Amino acid sequence: MNKAVKKFVIFAEGAIFLLLAVLLSVINVVNFAMASEDADMLTSRLASREGVFRSDKPEGERQPFFREKDAFRLNRFDKMGPDSPEMDFSLRYFTYSFDKDGNAEAVVFKMSAVSEQEAEEWARSLKNASATGWTRVNYRYRVYESNKQTYVTVIDQGRELVPSYRILIISVSGGVVLLVLSMLMLLLTAGRIFKPIEESDRKQKQFIANVKNEFRVPLTIINANTELIEREHGPGESTRVINKQVRRMTATVKELSSLAVFEEADQSVTKVNLSDLMNSVLDSRAEAFEQKSVRMTAEVAPDVMIEGDSSRLRKMIEELAENTLKYAQSEAHFTLSREKKRIRIRQENDTTLANGAVDQIFDRFTVLENAEASGSIGMGLSYVKATVLAHNGRVSAKVSDGRFILQIDL
Amino acid sequence: MKILIADEDRDFLSTYQRLLQVHSYEVVTAFDGTQVIQALGNGTKYDLLILSRSLPRIPAQALLETAQDRQIPVVMLLRERVRSDWLTDSHPANAYIGFPFFPDELTGLIGEVVEKSQSQEQLEYDGVQIDIGRFLLCGKLRVTNEEINIIRTLKDGQSLSAKRAEPYIHSLNHKLEQLGLPARIRYMIRKGYRMVTSDE
């Protein structure tokens, strides 16, 4: 799988994962929040009745089970869940009251999972806790004051939480299955999606290569025949013009060739002394910087070696230098250093650009506002990026406090 | 002097056959690898083979090695840029020239290569020894015309055109390292490329 397809699959899968994670998190958080709210409604209702439902009051104080206003009606969705009139009878709970001396009294005990003594100790442990919350995973509690006593009510929400846990397990499992299936689909289809793009790119590069190559030999033949004509018939105006135009076209083809170096898929890899390359390029540009009144300085670590294509690397440094020469206002600095296992090339110059990342300068045919009048077509730095990527490196650019900073890590 | 010139473009062949004949060379042409093999095998002694790297039928590298084994120097015609890995190969061409070029560029290169191939000169500089006639570095590794010129230029203390010499400088350093020699060609700021030994 090529790099572009791999990158697409990773990013697409990452996006799907992120979306799923957010969606499932929201669903489950809301679900559990609603379960908490339902439980709080029950504990609140209990708190309003001093911790005991009417159905649990001693005989004599108890009210009739059936009440007209709670009668079952079809489609009464508002009488489901904690609002169900049957809830008072089915809820498992206990309430303890504590006086100011800490003496406990069981108000009601309707639990089979713990003994009364354990329940009292449990309630005592919650007495000084926050007003409401979850305890021992499935139990909701409430602490409240009434008649100068502190009440602790604990209700069992195990049955009510089962659907929430089911939703959690199903949603997470479903999410994992979806991720795996989406990954498989992406792997199967990404190649097909990219094929037309890669084909178009390949044809474009092939066209450029063909155009360049189709001129090479004909130009050689034309200028050789021009020389033969001059030898046989003497030089003339026609052959002079032909020679001039052939030289012009030859220069163009050579320039195209040097730029096309960046388009080549395969590299000629040898051990390259990057320090020497950089010093050589900067030295050759020193006079140009002086003429433009730009103070150019460099800190080049010695003997920085890299396995790479010497022609491409040289061209990359030349394009960096040319770019700096065009846009530096009064000073420019180049650095070549080793940073742990990486090689770093850094180019800085003063600029009139606004602060921020300017990574778009590495796109083809993109020029920033300070370059629009320079006539630049915006190809140089795209070639720098292509070379950096071909050497498994990273490149970035930003403007900070009036300084343009470009950094390459190889 | 007899030259065998091989390229797949017949117009190029006919033009340069005429041009080189004007320069008093005897020229035989071939437009594919089979014809080159036939020409080399018919007993004729050629002073130079000008060979296109993209010649059809037989790989140019095989033809190059065949010619060099018969002590025939080879100038390789390129429709692409010269690659460093060709130069560090066990059998690089004696010289490379890329299309498009002017007639005087090729004729100048032919003159240089033939003159060197017939020379008995031994070039020595900073522990680096070149048998110019055999295009051999320290008797072991083959070198190209441009690499020999670089060593000569450095010995004479003249400046090198870095852009043109680039791939050859790296290939020379590679060969010097292969031979275990301490000398290297390094760029000195404001002085240009120089031969230095590893303890400098």
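This text follows the structure it describes.
Definitions and limits used
- Residues numbered from 1 in each chain as written.
- Chains lettered and ligands numbered in written order.
- Predicted model: local features only at pLDDT ≥ 70, side-chain atom pairs only at ≥ 80, totals over all residues.
- Heavy atoms only, no water.
- Helix = DSSP H or I, 4+ residues; strand = E, 2+ residues; numbered from the N terminus.
- Buried < 20%, exposed > 50% of the residue type's maximum accessible area, 1.4 Å probe, protein only.
- Contact = heavy atoms within 4.5 Å.
- Areas by Shrake-Rupley, 256 points an atom, 1.4 Å probe, with all protein chains shown as cover.
- Pairing = 2+ DSSP bridges.
- Axes fitted to C-alpha atoms, helices over the stretch in contact; angles between N-to-C directions.
- Buried area = accessible area lost by both parts, 1.4 Å probe.
- Salt bridge = Lys/Arg side-chain N within 4 Å of Asp/Glu carboxyl O.
- Core = buried A, V, L, I, M, F, W, Y, C linked by side-chain atoms within 4.5 Å.
- Domains from an automatic or database assignment.
- Patch = residues over 30% accessible without salt bridge, like charges linked within 9 Å, V, L, I, M, F, W, Y side chains within 5 Å.
- Phe/Tyr/Trp six-rings, centres within 6.5 Å; stacked < 30°, edge-to-face > 60°.
- Parallel < 35°, antiparallel > 145°, perpendicular 65-115°, else oblique.
- Left-handed = near helix turned anticlockwise from the far one by under 90°.
- Nonpolar A, V, L, I, M, F, W, Y, C, P; charged D, E, K, R; others polar.

J.: Explain the overall build of chain A to me, and be specific about the residues and the numbers.
T.: On a plain count of helices and strands, chain A comes out with eight helices and 13 strands. Out of the 410 residues in chain A, the part that is buried amounts to 42%. Here the analysis covers contacts within chain A between residues at least 6 apart in sequence; of these, 65% occur between residues at least 24 apart. Split by element, the accessible area of chain A, about 23,200 Å² in all, is 57% carbon and sulfur.

J.: Please set out the sheet that holds strand 3 (residues 132–135) of chain A residue by residue, giving values where relevant.
T.: Residue and element names in this part refer to chain A. Ordered by their spatial adjacency, five strands build an open sheet running 2-1-5-4-3, and the pairing between neighbours is antiparallel. Edge positions in the open sheet fall to strand 2 (104–110) and strand 3, since each of these has one partner strand only. Strand-to-strand twist of the sheet, defined as the mean angle between neighbouring strand axes without regard to direction, takes the value 20°. Of the strands in this sheet, strand 1 (93–98), strand 2, strand 3, strand 4 (139–146) and strand 5 (149–156) are in contact with helix 3 (residues 116–126), which crosses strand 1 at around 60°.

J.: Quick rundown of the side chain of S182 of chain A? Include the residues and the values.
T.: Relative to the elements of secondary structure, S182 of chain A occurs in helix 4 (residues 158–233). If we skip the residues at most four places from it in the chain, S182 of chain A touches E13 and I16 of chain A.

J.: So what about the interface of chain A and chain B? Which residues, and what values?
T.: The partner chain B presents 34 residues to the 39 residues of chain A that form the contact. Summing both sides of the interface, chain A and chain B together bury roughly 3,300 Å²; the carbon and sulfur share of this comes to 52%. Applying the counting criterion to the chain A and chain B interface returns six salt bridges. Contributions of two or more residues to the side of chain A that touches chain B are made by helix 4, helix 5 (237–260), strand 6 (270–273), helix 6 (274–291) and helix 7 (310–327) of chain A.

J.: Explain the nonpolar core residue by residue, including any values.
T.: Within the largest apolar cluster, 73 residues are counted, with the highest numbers of intra-cluster contacts made by I50 and L51 of chain B. Looking at this core, you find at least three residues from each of domain 1 (2–117) and domain 2 (122–197) of chain B. Those residues within four positions of L51 of chain B in sequence are excluded, and the remaining contacts are A6, A60, L63, L64, V74, V75, M76 and L77 of chain B. Grouped together as the second largest cluster of nonpolar side chains are 37 residues, L277, F289, V294 and L320 of chain A included.

J.: Before we move on, can you summarise a nonpolar patch on the surface with the specific residues and values?
T.: On the surface, a nonpolar cluster with roughly 910 Å² of combined accessible area is contributed by V137, Y165, L168, V172, V176, V177, V180, L181, M183, L184 and L187 of chain A. Positionally, L168 of chain A belongs in helix 4.

J.: Explain the packing of aromatic side chains to me, using residue names and the numbers behind them.
T.: One pass over the full model with this rule turns up 14 aromatic pairs over all chains. Between F12 of chain B and F99 of chain B, the ring centres sit 5.2 Å apart and the planes meet at 70°, which makes this aromatic pair edge-to-face. Here F99 of chain B lies in the loop between strand 5 (95–98) and helix 5 (103–117) and F12 of chain B lies in helix 1 (residues 10–22), a separation of 87 residues in the sequence. The buried category is assigned to F12 of chain B, whose relative accessible area is 0%. For F99 of chain B, a relative accessible area of 2% translates into the label buried. Taken together, a centroid distance of 6.1 Å and an interplanar angle of 25° make the contact between W86 of chain B and Y96 of chain B stacked. A residue pair is termed long-range when its members are at least 10 positions apart, and W86 of chain B in helix 4 (residues 84–87) and Y96 of chain B in strand 5 qualify at 10 residues. Y96 of chain B carries the same exposure label as W86 of chain B, and that label is buried. Following the ring pairs from residue to residue traces out a cluster consisting of F94, Y96, F109, W122 and Y139 of chain A.

J.: Could you give me a rundown of the sheet that holds strand 6 (residues 122–125) of chain B, with the residues and numbers involved?
T.: With antiparallel pairing, four strands are arranged side by side in an open sheet as 6-7-8-9 (chain B). With one partner strand each, in any of the chains shown, strand 6 and strand 9 (141–142) of chain B form the two edges of the open sheet.

J.: Tell me about the packing of helix 1 of chain B against helix 5 of chain B, and please be specific about residues and values.
T.: All names here are of chain B. Contact geometry for helix 1 and helix 5: axes closest at 11 Å, N-to-C directions at 60°. Classified by the angle between their axes, helix 1 and helix 5 sit oblique to one another. Our pair here, helix 1 against helix 5, has a crossing hand that is right-handed. Residues Y16, L19 and L20 of helix 1 form the contact with helix 5, whose own contacting residues are P103, L106, T107 and I110. When grouped by side-chain class, the residues that make up the contact of helix 1 with helix 5 number six nonpolar, one polar and no charged.

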